[in-house]
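Okay, here's what each chain looks like letter by letter:
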Amino acid sequence: MRKAKYDLDENEVKPYLELNNILQGAFYAAGRLYGLGFKEVKDVPVFDSAVRTFEVTDSATGRNIGVFYFDGYARSGKRSGAWATRYRGQQELGGHRNTLASNNNNFVKGGAGEPTLISLDDATTLFHEFGHAIHSLLQNVNYPGLAGTPRDFVEYPSQVNENWLLTRDVLDKYAKHYKTGAPMPQALVDKIEKSSTFNQGFDTVEYLADAIVDMQLHDREVPVTDVAAFERDALKALGMPKEIALRHRLPQFNHLFSSDAYSAGYYSYLWSETMDADTWAAFEETGNVWDKATADRFRTTLLSTGNETDRKLAYRAFRGRDPDVKALFRRRGFPVE
């Protein structure tokens, strides 16, 4: 249906997305927005020969901020998916300690002499996970106990970072056809952007149903004993359309029960996207999505402060108000008024 409505074919996009180029595009965006410099180094011990390491510096002062590890390729024994982690967090207590941040993916390496081409979803994921790395690298706190952020905030900086992938500046420099060297044409970008609202009604209802049921499951005095009945009755009370199933049925909803990290917290992805869409709108409102004043304010109020300030107050300091859900409605193609 998406092919019929938007004439978008993933095979048309992939030749423009060579892995190393997209990684360099992520570095470029971080440098332009936040003054971060990335220089590949070979003398850092790694756990696999395919892991690349980069010294990260503050371009304005030359100060070492940390080391970025890029573990990009799939291999035997490696867990699936993509994730960010840090081997050491920043702190100033007791002397400066820099950050050791890592991004981990499972890209399939191109054959001998062939480039590693990735999908648009994979390129978006790369920018997303790199947003987590930026968040870690820009942290500037004294006490390590204030280094973390609440669970419903942690995905926000990474989701914001996705927005720069399809900017013309990044595309013209880094999304070049691996054979011709031509940058991704605007006509193809237009098709990608038009198709971005495809199926958003379904996706939003599917997600919200799980998030609300998650809340109801935890916000109660007496634990649920009949899970099937609870699930059925909760969805009926919500008016869940029969055409849409839960994204995660409760007995296998690992997000909620593998640890307490996401208990009653599944909503946080959509909340993070609400803040992300409103933050991107702040950049767009300046007429320049690379606006340095907005990037500096975003860095100083939200990215570098860890948990030193209440995140609600920090967001208000950045935006001048609470997040406005209308930006998310517009992004997903829903009526705003």
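The following refers to the structure shown. Model, not experiment: these values are computed from the prediction. (Residues numbered from 1 in each chain as written. Predicted model: local features only at pLDDT ≥ 70, side-chain atom pairs only at ≥ 80, totals over all residues. Heavy atoms only, no water.)

1. Quick notes on the pattern of salt bridges
Here the structure, examined in full by the defined rule, presents 25 salt bridges. In this structure, the salt-bridge partner of K42 is E40, at a minimum N-O distance of 3.6 Å. On the basis of relative accessibility, which here comes to 74%, the residue K42 falls in the exposed class. The class of E40 is partly exposed, set by a relative accessible area of 32%. With its nearest N and O atoms 3.0 Å apart, the salt bridge here joins R319 to E285. Of the two residues, R319 sits in helix 13 (residues 311-319) while E285 sits in helix 11 (residues 268-285), which places them 34 residues apart along the sequence. Using a relative accessible area of 56% as the deciding quantity, one classes E285 as exposed. Counted as one network, the salt bridges with shared partners bring together K3, D7, E12 and K191. (Salt bridge = Lys/Arg side-chain N within 4 Å of Asp/Glu carboxyl O. Buried < 20%, exposed > 50% of the residue type's maximum accessible area, 1.4 Å probe, protein only. Helix = DSSP H or I, 4+ residues; strand = E, 2+ residues; numbered from the N terminus.)

2. Quick notes on the packing of aromatic side chains
Tallying each qualifying case throughout the model produces 28 aromatic pairs. Between the aromatic rings of Y156 and F298, the centroid separation amounts to 5.9 Å while the plane-to-plane angle is 70°, which identifies the pairing as edge-to-face. With a gap of 142 residues between them, Y156 in helix 5 (residues 156-161) and F298 in helix 12 (residues 292-303) connect regions that are remote in the sequence. By relative accessible area, which is 1% here, F298 ends up buried. On the basis of an interplanar angle of 25° and a centroid distance of 4.8 Å, the ring pair of Y207 and Y266 is categorised as stacked. Taken together, the positions of Y207 in helix 8 (residues 200-218) and Y266 in the loop between helix 10 (254-257) and helix 11 put the pair 59 residues apart, joining distant regions of the chain. Note on Y207: relative accessible area 8%, which makes it buried. The class of Y266 is buried, set by a relative accessible area of 4%. (Phe/Tyr/Trp six-rings, centres within 6.5 Å; stacked < 30°, edge-to-face > 60°.)

3. As for the packing of helix 3 (residues 19-34) against helix 12
To describe two helices that pack against each other, one gives the angle between their axes and the distance between the axes. At a closest axis distance of 8 Å, the pairing of helix 3 and helix 12 adopts a crossing angle of 90°. Between helix 3 and helix 12, the angle falls in the class roughly perpendicular. Of helix 12, the residues touching helix 3 (which contributes R32, L33 and Y34) are K292, A295, D296, F298, R299 and L303. Here the residues of the contact of helix 3 with helix 12 sort into 5 nonpolar, no polar and 4 charged. (Axes fitted to C-alpha atoms, helices over the stretch in contact; angles between N-to-C directions. Parallel < 35°, antiparallel > 145°, perpendicular 65-115°, else oblique. Contact = heavy atoms within 4.5 Å. Nonpolar A, V, L, I, M, F, W, Y, C, P; charged D, E, K, R; others polar.)

4. Comments concerning a nonpolar patch on the surface
A contiguous nonpolar surface patch, about 270 Å² in accessible area, is contributed by L93, Y143 and L146. Among the secondary structure elements, L146 is positioned in the loop between helix 4 (120-138) and helix 5. The class of L146 is partly exposed, set by a relative accessible area of 31%. (Patch = residues over 30% accessible without salt bridge, like charges linked within 9 Å, V, L, I, M, F, W, Y side chains within 5 Å. Areas by Shrake-Rupley, 256 points an atom, 1.4 Å probe, with all protein chains shown as cover.)

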